[in-house]
Every structure is written in C-alpha cells, then in structure tokens.
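Report on the structure
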Amino acid sequence: MSLDSLNVTSTYHRDTYPAISPSKPSLSQNGRAVLITGGGGGIGFEIARSFAKAGASKIIIVGRRSAVLDAAAVKLREEFKDSTPAPPEFIAHQGDIGNDDSISSLWDFLNSQGIFIRVLVLNAAHVTPWGLDTLKMDKRELMEGFDVNVGGNFLMTVKFVNQPLRPVGQQLNLINVSTAGVHMIPAPNQTPYTTTKSAFTALIGRIADERPVEDIQIISYHPGALYSEGAAKYVDQNLLKWDEMALPADYAVWAASPEASWLHGRFLWAHWDVDELKADKEFSKRLKQEKGFLRVAVQGLKDISIDALLNKQGHNKL
C-alpha cells in the first residue's frame, strides 16, 4: 500500500461503482431519517438523491436559502415519487449552522414533529475568503469560518447525539464531508477553509475515540474535485478533470452502513476502492496498530499514548 493519497488503492475512482451503489442491499438505509446540511445544491443535493435511492424514509435538507431548498425538494419529490414500497418524505428546512439559535430551532422542530434522525451528514461549509495573505485578514473573516465549520458542526453533533427521541442503545451514523486540504501542505489561498476543516476533522476524530462505533459511527472523507455552483464562482471549469458528483454522494451512503464500521473515526478519500481497502492486509494492520493512522495529527511523528508520555516525563525527573 502506497502512502501516496492518490494511490492508496490501485483503483482510483472518479465516478460511482457497484461496491458503493445505494441499490446494494447491504447499504440499505430503509426506514432511516437522514439530515443533510447544505442539502439544497451541489454535493448535498446529490447525497440526498443517493440516500433516497438507498431507501431512506425521510430526508431533511438544510440550508440558508429557502428558495433553493424548496426548489430542491420539489425536484427530489418528482424524481422519487414512484419509489417502492413508498416514496421518501423530503423536508426542506431553512437554517444557518453558523447560528446557535438557528441550530436549536432546527432540532426543536424535528423533535416536535416526532422525527428521530438516524444519519447526520455534515456537508455545509464556510469556504471564503480565498486568495488573501492570512496576516492581512480581518479576525472576523477568520472566525466566521470557525463559527460554521467547527462551532456549528460541533453543536449539530451535540444535538444529534442527545436527541430526546433517540431510543436507548440506538446506534447513530455521522458523516463529515471534509477535504483533502486537511493534509495539503502548503494549501495555497485557502487558509480559513482548510484550517477550520482540519480543526473539525481532528475534533470529530477525538470524539470517535470517546464514543464506540456501537454508539455513533463516525467517518470523515474527502469528496473529490467537484464542479459545483460554489466552485464555479472561483474556478474555471477547464482547469482540471472534475470528479462525478455520484462518487462522493454514493460514498456517503456506504459510509453510513455497517460495511464502513471498521473505519470508525478515520479520514478517507472517496476515490479509494473500498473492496481493495478491505483486502489490503497492510492497511488493516496499520489501522489496528497505529492510532494516528488516517487521523489529523503532526506529520512525521507517530501517535503517542498518555501513558507513554507520563512514563517519559517521570523518567526525566530521575
């Protein structure tokens, strides 16, 4: 297994493939309610489509623009109106995950409607400003990114785990749509975005240390290079070869299934072939032996346990 992110598996996918297909029985989301932030367009909308294909009973899409959300819900209802045994219920809810009151209102609404969320997809992100000299930024601009990408995602996670309607012992699934920028050094022109994404991906990995997979299964992943509405504002379409939206969308369904449980708390790329990962003995060995493998940490240093640190400090005092 190569340490090169582009070659972790010999197969590098740019589009969906059978192993992560939402029609695969082992990936079924039948009866589940799924909440997707940033679900009105781009990858969020495609993730909603994939969960609908996988049989989710309710799909709640959240975003700041009501008109965009409503239009997306109409499209989804039309596409899946003939689904069997019953079409999913699509709910559009306006909300801003950078605002604590808005987050609380969202979860109060869900509870009042008797909706228990089984799968949370944290997809919404604050991505600007780009292209600035970091030390010429206004502090407010920097903190806006932290408010959404760290604080907002954290509060969404807290509300998700502590739902009043959650049955005792019920496992949850959390999907963190991250970015390759968390290990891109240097990451040109993207300081607030990559820094805040790194911070939350590190935080959710720490939470996975505290919570066993039987309680909440957590997967973070890089979705790929996607020519979305947001990307189109900053990047020319001819700049590179873009990945198909179906790849990260279907990958989210796979990540919310028992097939991904062995990767609890880790960061992955949607491009890596999931069957090849499972069959790779070296990969599995490192996963078991290295607590910091596929985690946000200091490059060049191996993970260290608190016991090892305390023993070392004690030795130095002798």
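To start, this report covers the structure provided alongside it.

Criteria and cut-off values
- Residues numbered from 1 in each chain as written.
- Predicted model: local features only at pLDDT ≥ 70, side-chain atom pairs only at ≥ 80, totals over all residues.
- Heavy atoms only, no water.
- Helix = DSSP H or I, 4+ residues; strand = E, 2+ residues; numbered from the N terminus.
- Rg over C-alpha atoms; globule rule 2.2 N^0.38 Å.
- Buried < 20%, exposed > 50% of the residue type's maximum accessible area, 1.4 Å probe, protein only.
- Contact = heavy atoms within 4.5 Å.
- Pairing = 2+ DSSP bridges.
- Axes fitted to C-alpha atoms, helices over the stretch in contact; angles between N-to-C directions.
- Salt bridge = Lys/Arg side-chain N within 4 Å of Asp/Glu carboxyl O.
- Patch = residues over 30% accessible without salt bridge, like charges linked within 9 Å, V, L, I, M, F, W, Y side chains within 5 Å.
- Areas by Shrake-Rupley, 256 points an atom, 1.4 Å probe, with all protein chains shown as cover.
- Right-handed = clockwise from strand over helix to strand, strands pointing away.
- Expected span 1.5 Å × (residues − 1).
- Bend = angle between axes of the 7 residues up to and from the residue.
- Parallel < 35°, antiparallel > 145°, perpendicular 65-115°, else oblique.
- Left-handed = near helix turned anticlockwise from the far one by under 90°.

Turning next to the overall build of the protein. Across its full length, the protein carries 10 helices and seven strands. Since a compact globule built from 318 residues should have a radius of gyration of about 20 Å, the 20 Å found for the protein is in line with a globular shape. Judged by the C-alpha coordinates and their principal axes, the protein covers about 70 × 45 × 45 Å. A total of 318 residues make up the protein; the buried ones form 48% of that total. In the protein, the share of contacts with a sequence separation of at least 24, taken over all contacts with a separation of at least 6, comes to 76%.

Here the focus is the sheet that holds strand β4 (residues 119-122). The strands that make up a sheet are held in pairs by hydrogen bonds between backbone atoms, and each pair lies either parallel or antiparallel. With parallel pairing, the seven strands of this open sheet are ordered in space as β3-β2-β1-β4-β5-β6-β7. The two strands at the open ends of the sheet, each matched to only one other strand, are β3 (89-94) and β7 (267-269). Pairs of neighbouring strands in the sheet enclose a mean axial angle of 20°, with direction left out of account. Judged from the three bridges that link them, strand β6 (residues 216-222) and β7 form a sheet pairing that is parallel. The residue of β7 that forms the bridge with His222 is Trp269. In the packing of helix α4 (residues 139-161) onto the sheet, the strands contacted are β1 (33-37), β4, β5 (172-177) and β6, and the crossing angle to β4 comes to about 180°. Helix α7 (residues 246-255) contacts β5, β6 and β7 of the sheet and is inclined by roughly 155° relative to β6.

Glancing now at the pattern of salt bridges. If you walk through the whole model with that rule in mind, you get 11 salt bridges. Here Lys58 and Glu89 are joined by a salt bridge, their closest N and O atoms 3.9 Å apart. Of this pair, Lys58 sits in strand β2 (residues 58-63) while Glu89 sits in strand β3; the two residues are 31 residues apart in sequence, bridging distant segments of the chain. Using a relative accessible area of 27% as the deciding quantity, one classes Lys58 as partly exposed.

A word on a nonpolar patch on the surface. On the surface, Ile304, Ile306, Leu309 and Leu310 cluster together into a nonpolar patch covering about 410 Å² of accessible area. The topology assignment puts Ile306 in helix α10 (residues 306-316). According to the relative accessible area criterion, Ile306 is exposed, its value standing at 55%.

Moving on: unusual backbone geometry. The linkage connecting Thr84 with the following residue, Pro85, adopts the cis geometry, with an omega of 5°. By the secondary structure assignment, Pro85 is in the loop between α2 (66-79) and β3. Here Leu294, not a glycine, exhibits a phi torsion of approximately 60°, which is positive. With respect to the helices, strands and loops of the structure, Leu294 is situated in the loop between α9 (281-289) and α10. The class of Leu294 is buried, set by a relative accessible area of 18%.

Moving on: the pairing of β1. Of all the five residues making up β1, five are buried; the element is thus mostly covered by neighbouring parts of the structure. Where burial is concerned, the two faces of β1 agree: the one with Ala33, Leu35 and Thr37 and the one with Val34 and Ile36 are both buried. Note: β1 against β2, five bridges, orientation parallel. Residue pairing in the sheet places Val34 in a bridge with Ile59 of β2. After leaving β1, the chain enters helix α1 (residues 42-53) and then returns to the sheet as β2, a path that is right-handed. Bridge count for β1 against β4 is three bridges, and the pairing is parallel. Each residue of the ladder has a partner; that of Leu35, found in β4, is Leu120.

Looking now at α4. Side chains of residues three or four places apart in an α-helix project in the same direction, reflecting 3.6 residues per turn. With 23 residues, α4 ought to run about 33 Å at 1.5 Å a step, and its terminal C-alpha atoms sit 31 Å apart, in line with that. The largest bend along α4 reaches roughly 35° and is located at Asp147. Residues of α4 that are buried: Gly145, Val148, Asn149, Val150, Gly152, Asn153, Leu155, Met156, Thr157, Phe160 and Val161. Contacts made by the buried residues of α4 are with β1, α3 (100-112), β4, β5, α5 (191-210) and β6.

Looking now at the packing of α1 against α2. Interaxial distance between α1 and α2 falls to 11 Å at its minimum, and their mutual angle equals 25°. It follows that α1 is roughly parallel to α2 by the angle criterion. Like other packed secondary-structure pairs, α1 and α2 cross with a definite hand, here right-handed. For the pair α1 and α2, contact is made by Phe45, Ala48 and Arg49 and by Ala72, Lys75, Leu76 and Glu79, respectively.

The subject of this paragraph is the environment of Lys233. By secondary structure assignment, the location of Lys233 is in the loop between α6 (229-232) and α7. In this structure, the C-alpha to C-alpha distance between Lys233 and Pro186, residues 47 residues apart in sequence, is 22 Å.

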